[in-house]
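Geometric and topological summary
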Amino acid sequence: MIQIQNVTKSYGTSIAVDNISLEIPAGETCCLIGPSGCGKSTAVKLINRMLEPASGRIFIDGKDTRDFKPELLRRHIGYVIQNVGLFPHMTVAENIAVVPQLLSWKKEKIEERTEELFRMMRMESGHYLDKYPRELSGGEAQRIGVARALASDPEILLMDEPFGAVDPLNREALQAEFMKIQSNLKKTVVFVTHDLDEAIRLGDRIALMREGKIVQYDTPEEILARPKNRFVSDFVGADRALKRLSRFPVSEFMKMPASVKVNDDIDAFLAQTRKEGKTRFVWLLDEDERLIGPVDSRHVRAPFNREEDVMEANCSAITVRDSATLREVLSRMLGQGVKIIPVIDDDSRLVGEISILEIEKVTEEAALEC
Amino acid sequence: MYKVGIDKVTLAGAFIGLLSLGFHFVILRPNRLSSGEGLLVWNALPSPETLLLVLLWICALGTAFSYRENHAFRLAPGLIGNVILVLVFLLTARMAGSTTDPGLPFLRISIGFGGWMMAFAAYILILSSQQKLTGRGGLRLCVSLSGMGALVILFASGYMSDISVIKEFSARQGRFLSELSQHLILAGASVCIATVIGTGLGVWAFRSRFLERPVFFFVNTVQTLPSLALFGLMIAPLALLSQKYPVLRDFGIQGIGWAPALIALSLYALLPITRNTYTSLRILDPDVIEAGRGMGMSGLQVLWRVEIPLSLPIILSGIRTALVQSIGNTTVAALIGAGGLGVFVFQGLGQAVPDLILLGAVPVILLSVFTDKLMAILIHQITPKGIEVQEAPAS
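Residues numbered from 1 in each chain as written. Chains lettered and ligands numbered in written order. Predicted model: local features only at pLDDT ≥ 70, side-chain atom pairs only at ≥ 80, totals over all residues. Heavy atoms only, no water.

1. Comments concerning the overall build of chain A
What counts here: Helix numbers and strand numbers start at the N terminus; a helix is a DSSP run of H or I with at least 4 residues, a strand a run of E with at least 2. For every residue, the accessible area obtained with a 1.4 Å probe (protein chains only) is divided by the maximum for its type, and the residue is called buried under 20%, exposed over 50%, and partly exposed between those limits. Residues count as neighbours in contact if any of their non-hydrogen atoms are within 4.5 Å of one another. What sets the accessible areas is the Shrake-Rupley method with a 1.4 Å probe; for residues, cover comes only from the shown protein chains. The charge count includes Lys and Arg as positive and Asp and Glu as negative, but it does not include His or the ends of the chains. For this purpose, a charge sits on NZ of Lys, CZ of Arg, CG of Asp or CD of Glu.
Within chain A one finds 16 helices and 16 strands. If you line up chain A on its principal axes, its C-alpha atoms span 80 × 50 × 30 Å. Taken across its 370 residues, chain A has 50% of its residues classed as buried. A separation threshold of at least 6 residues defines the contact pool for chain A, and within that pool the share at least 24 residues apart is 62%. Accessible surface, chain A as shown: approximately 17900 Å² in total, 48% of it carbon and sulfur. For chain A, the distance from the average site of its 51 positive side-chain charges to the average site of its 60 negative ones is 5 Å.

If you want it as structure tokens, here you go:
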């Protein structure tokens, strides 16, 4: 747990951080966000004492950070910066080993930990260990940067716009990996970003800052549903209802779909469906439960003819992965002009379906809360 | 598949080598002061040896024109170059040893313009080989040093004692050694002083925006002064000082001698070292330093583990430039009584004895080349694998 109490930091006459107080519960990700110059980077640097506050105190797990030597404190706090800052004269393995070495770990323990980190990052260690930073792509370098910060398995991770300099495609991938890793590791993370979508996606809580002060500190849902004042609502934008949808994973809202396998008696199944009248679309699956395409039960007349009755062609265009959010689902629906779409897992097996009705329910709730 | 092409460096060497055949290979002088008579290769040497030299050069030309990417072709110019280099001295020495004329007891035989030119062309062939043998350390070293090594052995064995330059050397052996060590001490000490001051100035200029311009104005201005002028400029203030404080004279500090030379040489060596120190700090990535501090390195650990490994190669390449420059400049220091190998050059000029000039000039050239190579190896060894050494821009 990180407690920031009445901390102020100024440069000359300009105040960068103005009497802020913030409590970040253990195991949560707190995103600091705000317009540039709002003091978010300064705030994060105060935690590991890269900067010293003019007044106020910062506690980590109840202990005042001032009671430690800054170097010793920092060895137990992971630190990732925007431009990675890998040491160019050290190999990837040597870069990762820096903090463990400062903590005088044994060589075998460092090697073991390095392998573990690579498994966690889903990277091939043999391919990277002896490379030098200049041989890595931007995305690879930042992955190594994150691995390096996690090397000594610190409880706290400070990330100062870590994915800011990476291209959008890689950023997306890095965010997804970060979420996966964080859901396992449950570190206490302070994440500085200027990208609202990133904060909404990654943060358990968001602290919105302006001119050195914290304007609102809440869960993303709350900030989007109930902006505290004009500044917050302007910052989150007019499409906050849409943004809010990205907080909801499709897996929590999808329903069991009506599906039939190619080898089943399809005509009988369709007749039954028509009689019940509950759903219109039935999903046709192959023997391994992989999705082949939708069948419109109202239009099919027996006998069933796969070539005429299954819309196989646009099938992949209307499916979403089970890792998607409602925002992606809605965008897919609008783009394809459909009201119901199937959800598949990593092996393209059908795991559910979701209709626009469920999404409307979520947005209606938000409207009620406002 | 071998690529057949033209090897330009070997071609240049072979061309100069063939051209050198048209100039006097050796010079015969009735005594060390007279102007003498030059002989072309075929007048100086018996025909088999002449033929051998000509053939070797034609071989070099041949390999240059039909260059293929294989080891034989990488090695060939170096082998030919080394053989020719040794032959130039060996054949001259043999000729000098066998030529006796009772009428001319003080007969001197020196290597002529053509001979030196041929040796130079042979060196180009060696360099050409060296360039191509990357990644083959042992072979490369062998190619670059075998000829030189053979010459050192020939020299030490006394075989070359009949060549005029060596005669000049033998007559001044003691003096030569003391001037050589004086030369090395002056050049070395001046670079040491410049390293201390120059790295300091470089760090200073980097840290303070206010000082950056004046510091570089100063070191650049010093560099533009002709060396002779700078030596001259040192005389007056130092003479004044030593007159005022006689204590200084006890230490040997006077208007002329080693003191003004050392100061002037140190000032000269400042620019490359200051500039490279400044550049090395300039290109240090602040994010890397921040990452180091943020991971829990102390100030000293950041310095030793990050800043020095990253900037040392660049600072050292500044010292390399300064050393080579200083070895050359020290020659001029002889004019204000500081000693060094320049003594022989200026004596030779004064007495119009070309071989005495060479006795001073040739070691200076060899020293420069060797120091440069040695520093190159040192810098290569010390440079971390992950970074490329960027030479600081020339201005």
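2. Some details on the overall build of chain B
When its secondary structure is counted, chain B shows 16 helices and three strands. Based on the C-alpha atoms only, the size of chain B along its principal axes is roughly 75 × 70 × 30 Å. Buried residues in chain B amount to 48% of all 395 residues. By sequence separation, contacts in chain B at least 24 residues apart represent 76% of the contacts at least 6 residues apart. As displayed, chain B offers around 19300 Å² of accessible surface, 70% of which is attributable to carbon and sulfur atoms. One way to put it: in chain B the 26 positive side-chain charges average out to a point 2 Å from where the 18 negative ones average out.

3. Focus: the pattern of salt bridges
As a reminder of what qualifies: In the sections that follow, a salt bridge refers to a side-chain nitrogen of Lys or Arg positioned within 4 Å of a carboxyl oxygen of Asp or Glu.
With the rule as written, the count across this model stands at 31 salt bridges over all chains. Across the salt bridge formed by B:Glu290 and A:Lys45, the nearest N and O atoms sit 3.8 Å from each other. Highlighted residues: B:Glu290 in helix H13 (residues 286-294) and A:Lys45 in helix H1 (residues 40-47), drawn from two different chains. Owing to a relative accessible area of 18%, B:Glu290 belongs among the buried residues under this scheme. Put simply, A:Asp197 and A:Arg327 hold a salt bridge, and the shortest N to O gap is 3.0 Å. Placement of the pair is A:Asp197 in helix H8 (residues 196-202) and A:Arg327 in helix H15 (residues 326-336), with a sequence separation of 130 residues. Among the residues examined, A:Asp197 registers a relative accessible area of 34% and is labelled partly exposed.

4. Things to note about the sheet that holds strand S11 (residues 259-261) of chain A
What holds strands together in a sheet is hydrogen bonding between their backbones, with the strands either parallel or antiparallel. All names here are of chain A. The line we're drawing: Pairing between strands is defined by DSSP: at least two bridges between the two strands are required. The angle between two axes is taken between their N-to-C directions and runs from 0 to 180 degrees, where each axis is a line fitted to C-alpha atoms and a helix contributes only its stretch in contact.
An order of S11-S12-S13 is seen for the three strands of this open sheet, with the pairing classed as mixed. Of all strands in the sheet, those with a lone pairing partner are S11 and strand S13 (291-296), marking the two edges. Geometrically, the sheet is characterised by an average inter-axis angle of 30° between neighbouring strands, direction not taken into account. Bridge analysis of strand S12 (residues 281-285) against S13 gives five bridges, and the strand direction is antiparallel. Its bridge partner being in S13, Leu-284 is matched across the sheet by Gly-293.

5. A word on the packing of aromatic side chains
For any pair of aromatic rings, the description consists of the separation of the ring centres together with the inter-plane angle of the planes. This is how it is decided: Each aromatic pair joins two rings of Phe, Tyr and Trp (for Trp, the six-membered one) with centres within 6.5 Å, and gets the label stacked for planes under 30 degrees apart, edge-to-face for over 60, and tilted for any other angle.
A complete count under the given rule lists 12 aromatic pairs over all chains for this structure. Geometrically, the ring pair formed by A:Phe118 and A:Tyr128 is stacked, given 6.3 Å between the ring centres and 20° between the ring planes. Of the two residues, A:Phe118 is situated in helix H4 (residues 107-120) and A:Tyr128 in helix H5 (residues 125-128); the sequence distance between them amounts to 10 residues. An identical accessibility class is assigned to A:Phe118 and A:Tyr128; each is buried. Geometrically, the ring pair formed by B:Phe216 and B:Tyr278 is edge-to-face, given 5.0 Å between the ring centres and 70° between the ring planes.

6. With respect to the confidence of the model for chain B
Detailed reading of the predicted coordinates is not advisable wherever pLDDT is low. Residue and element names in this part refer to chain B. Spelled out, the test is: Residue-level confidence of the predictor is what pLDDT reports, using numbers from 0 through 100.
Of the residues in chain B, 97% have a pLDDT of 70 or more, and the chain-wide mean is 87. Overall, residues 390-395 carries pLDDT values under 50, and its contacts beyond four positions in sequence, including any with other chains, amount to eight contacts. Two summary scores accompany this predicted model of the complex, namely pTM at 0.73 and ipTM at 0.76.

7. A word on the interface of chain A and chain B
This is how the line gets drawn: Simply put, the buried area is the total loss of 1.4 Å probe accessible area from both parts when two parts are fitted together. Each residue gets one label: Ala, Val, Leu, Ile, Met, Phe, Trp, Tyr, Cys and Pro are nonpolar, Asp, Glu, Lys and Arg are charged, and the others, such as Gly, are polar.
Contacts between the two partners involve 25 residues from chain A, matched on the other side by 21 residues from chain B. Here chain A packs against chain B, burying approximately 2100 Å² in sum over the two surfaces, 60% of which is carbon and sulfur. Considering only the surface of chain A that becomes buried against chain B, A:Phe87, A:His89 and A:Arg134 emerge as the three largest contributors, covering 27% of it. Viewed at the interface, chain B and chain A are joined by one salt bridge. Put simply, the parts of the chain that give the side of chain A that touches chain B at least two residues each are helix H2 (70-74), strand S6 (77-81) and helix H3 (92-102) of chain A. At five residues, the largest contribution of residues to the side of chain A that touches chain B is made by H3(A). For the side of chain A that touches chain B, the per-class residue count stands at 13 nonpolar, six polar and six charged.

8. Focus on the nonpolar core
What counts here: By nonpolar core is meant a set of buried Ala, Val, Leu, Ile, Met, Phe, Trp, Tyr and Cys residues that side-chain atoms within 4.5 Å join together.
If you look at the biggest cluster of nonpolar residues, it comprises 42 residues, and the most contacted ones within it are A:Ile96, A:Phe118, A:Ile144, A:Met159 and A:Phe191. Beyond its immediate chain neighbours, meaning those up to four positions away, A:Phe191 contacts A:Thr29, A:Cys30, A:Cys31, A:Leu32, A:Met159, A:Pro162, A:Phe163, A:Phe178, A:Glu198 and A:Leu202. In this structure, B:Phe25, B:Leu87, B:Met95 and B:Ile126 belong to the second largest nonpolar core, which totals 40 residues.

9. Considering the environment of B:Ile289
Residues and elements named next belong to chain B. Mapped onto the fold, Ile-289 is located in helix H13. Given a relative accessible area of 18%, Ile-289 falls into the buried group. Separated by 12 residues in sequence, Ile-289 and Thr-277 place their C-alpha atoms 17 Å apart. Excluding residues within four positions of it along the chain, Ile-289 makes contact with Leu-284, Val-302, Val-306 and Glu-307.

10. Some remarks on the sheet that holds strand S2 (residues 37-39) of chain B
Residues and elements named next belong to chain B. Pairing is antiparallel in the open sheet, where three strands are placed in the order S2-S1-S3. Two strands lie at the open edges of the sheet, namely S2 and strand S3 (108-111), each paired on one side alone. Going across the sheet, the axis of each strand differs from the next one's by a mean of 25°, ignoring polarity. Sheet topology places strand S1 (residues 26-29) next to S2; three bridges connect them, and they run antiparallel. Across the sheet, Leu-28 pairs through a bridge with Glu-37, a residue of S2. Helix H4 (residues 71-98) contacts S1, S2 and S3 of the sheet and is inclined by roughly 170° relative to S3.

11. What about a nonpolar patch on the surface?
Where we set the bar: A residue counts toward a patch only above 30% relative accessible area and without a salt bridge, and it is joined to like-charged neighbours within 9 Å or, for Val, Leu, Ile, Met, Phe, Trp and Tyr, to nonpolar neighbours within 5 Å.
Together, B:Phe15, B:Leu19, B:Phe23 and B:Phe113 line one region of the surface with nonpolar side chains, adding up to about 420 Å² of accessible area. When you line up the elements, B:Leu19 lands in helix H1 (residues 8-20).

12. Looking at the side chain of A:Arg113
Residues and elements named next belong to chain A. With respect to the helices and strands, the residue Arg-113 is situated in helix H4. Note on Arg-113: relative accessible area 10%, which makes it buried. With residues up to four places along the chain from it excluded, the contact list for Arg-113 reads Trp-105, Leu-150, Ala-151 and Asp-153.

13. Regarding the packing of H4(B) against helix H5 (residues 113-132) of chain B
All names here are of chain B. Stated precisely, the cut-off is as follows: An angle below 35 degrees is treated as roughly parallel, one above 145 as roughly antiparallel, one from 65 to 115 as roughly perpendicular, and anything else as oblique. Should the near helix be turned anticlockwise from the far one by less than a right angle, the crossing is termed left-handed; should it be turned clockwise, right-handed.
In the contact formed by H4 and H5, the axes pass within 7 Å of each other and the chain directions differ by 155°. Comparing the axis directions of H4 and H5 gives the class roughly antiparallel. Where H4 crosses over H5, the handedness of that crossing is left-handed. Judged by residue contacts, Arg-74, Leu-75, Ala-76, Pro-77, Gly-78, Ile-80, Gly-81, Asn-82, Ile-84, Leu-85, Val-88 and Phe-89 of H4 engage Gly-115, Trp-116, Met-118, Ala-119, Ala-122, Leu-125, Ile-126, Ser-128, Ser-129 and Lys-132 from H5.

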